Amino acid sequence: MSSPPTVVVFDYGSGNVHSAVRALERVGAAVTLTGDPTAALGADGLFVPGVGNFHACMRGLRDADGARVIDVRLAGGRPVLGVCVGMQVLFDGSTEPSSGPTEDGLGEWPGVVDRLPADVVPHMGWSTVKAGADTRLFAGVEDERFYFVHSYAAQDWTLHPVGTFAVVAPVVTWATHGVDFVAAVENGPLCATQFHPEKSGDAGAQLLENWVRSL
């Protein structure tokens, strides 16, 4: 029998990560919770959590050498999954206020994360998504609900490869709260969800299993 895929849940001081560890273990991954860059580089998959303020998360990620780790992994085609603010930091930046210095995002995708123009913010609870065509991440759960807790989101998508690169255009999944926003992206080795799959019951477990099986 082959050994299970190894996943590092990157521990850089952002939120409660133990639910992610348990959820990934339940779907068959061999999980390590660590902030060690060497371990994060070597794992089959890297799970990047994120809870709270965008700028605080970016500072924590950079202080833990996470920005370099993500960049090196992606350069080598090594899978990364960002969740919640761990997805937001993959964009150029955020308009969220900061109690400290304002931080740029990682710039893996163009665009800025903005506050949701809804009557009730934060968006907290279960919502359906409109999965992108040819999705693999949502296979079997395209019509299910997922658990969101956020006030900010990417509200447009501007990366549209053309010509030769059109065949590998990112698969973008959308949800709605006051406005349509990006709920998930599948972009080669880089995937991300605005919702919390580890808190999304059976649907979230299936999504995580789809990701783990792809490693």
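Quick caveat, the model's predicted, so the values are computed rather than measured.

(A) Highlighting the packing of aromatic side chains. Inspection of every chain in the model, using the stated rule, returns 10 aromatic pairs. Measuring from centroid to centroid gives 6.1 Å for Phe 91 and Trp 157, while their planes differ by 90°, and the two rings are edge-to-face. One end of the pair, Phe 91, is in the loop between helix H5 (85-88) and strand S5 (93-94); the other, Trp 157, is in the loop between strand S9 (152-154) and strand S10 (171-176), with 66 residues separating them in the sequence. The buried category is assigned to Trp 157, whose relative accessible area is 8%. Centroid distance Phe 148 to Phe 181: 5.7 Å. Interplanar angle 90°. Geometry classified as edge-to-face. In this pair, Phe 148 is assigned in strand S8 (residues 145-150) and Phe 181 in strand S11 (residues 180-187), connecting sequence segments 33 residues apart. Grouping residues by exposure puts Phe 148 and Phe 181 together as buried.

(B) Spatial organisation of helix H1 (residues 18-26). For H1, the full list of buried residues reads Ser 19, Ala 20, Val 21, Ala 23 and Leu 24. Where H1 is buried, its residues touch strand S1 (6-10), strand S2 (30-34), strand S3 (45-48) and helix H6 (201-213). At the exit of H1 stands Gly 28, carrying a positive phi of roughly 105°.

(C) Expanded view of the sheet that holds S9. An order of S5-S6-S9 is seen for the 3 strands of this open sheet, with the pairing classed as mixed. Looking at which strands have only one partner, the edges of the open sheet turn out to be S5 and S9. As paired elements, strand S6 (residues 112-115) and S9 share 3 bridges and run antiparallel to each other. Looking at S9, one finds that Asp 114 is bridged to Ala 153.

(D) A look at the environment of Asp 114. For Asp 114, the location among the structural elements is in strand S6. What makes Asp 114 partly exposed here is its relative accessible area of 29%. Once the C-alpha coordinates of Asp 114 and Arg 213 are considered, the two residues, 99 residues apart in sequence, prove to be 33 Å apart. Apart from residues lying up to four places away in sequence, Asp 114 is in contact with Thr 95, Ser 151, Tyr 152, Ala 153 and Gln 155.

(E) Layout of unusual backbone geometry. Of note, the bond from Val 121 into Pro 122 is cis; its omega dihedral lies within 30 degrees of zero at 15°. Mapping Pro 122 onto the fold places it in the loop between S6 and strand S7 (123-128). Even without being glycine, Asp 134 reaches a positive phi, approximately 65°. Tracing the backbone through its elements, the reader meets Asp 134 in the loop between S7 and S8. When its relative accessible area of 71% is taken as the criterion, Asp 134 is described as exposed.

(F) Representation of the pairing of strand S12 (residues 190-193). Side chains Leu 190 and Ala 192 of S12 all project onto a buried face; the interleaved residues Cys 191 and Thr 193 project onto the opposite face, where all are buried too. In this structure, strand S4 (residues 80-83) lies alongside S12, joined through 4 bridges in parallel fashion. Looking at the pairing, Gly 82 lines up with Ala 192 of S12. Relative to S12, S11 runs antiparallel, the two being bridged by 4 bridges. Across the sheet, Glu 186 pairs through a bridge with Cys 191, a residue of S12.

(G) Region of the structure containing the nonpolar core. Grouped together as the largest cluster of nonpolar side chains are 65 residues, with contacts concentrated most on Leu 24, Leu 46, Phe 47, Leu 61, Phe 138 and Phe 146. In contact with Leu 61, other than residues within four places in its own chain, are Phe 10, Tyr 12, Val 48, Gly 66, Ala 67, Ile 70, Val 89 and Leu 106.

Cut-offs used in this document
Along each chain, numbering runs from 1 in the same order as the chain's sequence is written. In keeping with the predicted nature of the model, local features appear solely for residues at pLDDT of at least 70, side-chain atom pairs appear and are counted solely at 80 or more, and the whole-chain, interface and lining totals rest on all residues. By convention in this description, side-chain values take in all heavy atoms of the structure and omit both hydrogens and water. In this analysis, rings of Phe, Tyr and Trp, with Trp reduced to its six-membered ring, are considered paired at centre separations within 6.5 Å, and the interplanar angle assigns stacked below 30 degrees, edge-to-face beyond 60, and tilted for intermediate values. Secondary structure follows DSSP: runs of H or I at least 4 residues long count as helices, runs of E at least 2 residues long count as strands, and numbering of each begins at the N terminus. A 1.4 Å probe rolled over the protein chains alone gives each residue an accessible area, and that area as a share of the maximum for its type sets the label: buried under 20%, exposed over 50%, partly exposed in between. Contacts between residues were defined by any pair of non-hydrogen atoms, one from each residue, lying within 4.5 Å. A pair of strands is considered paired only if DSSP assigns at least 2 bridges between the two. Side-chain atoms within 4.5 Å link the members of a nonpolar core, which is a set of buried Ala, Val, Leu, Ile, Met, Phe, Trp, Tyr and Cys residues.

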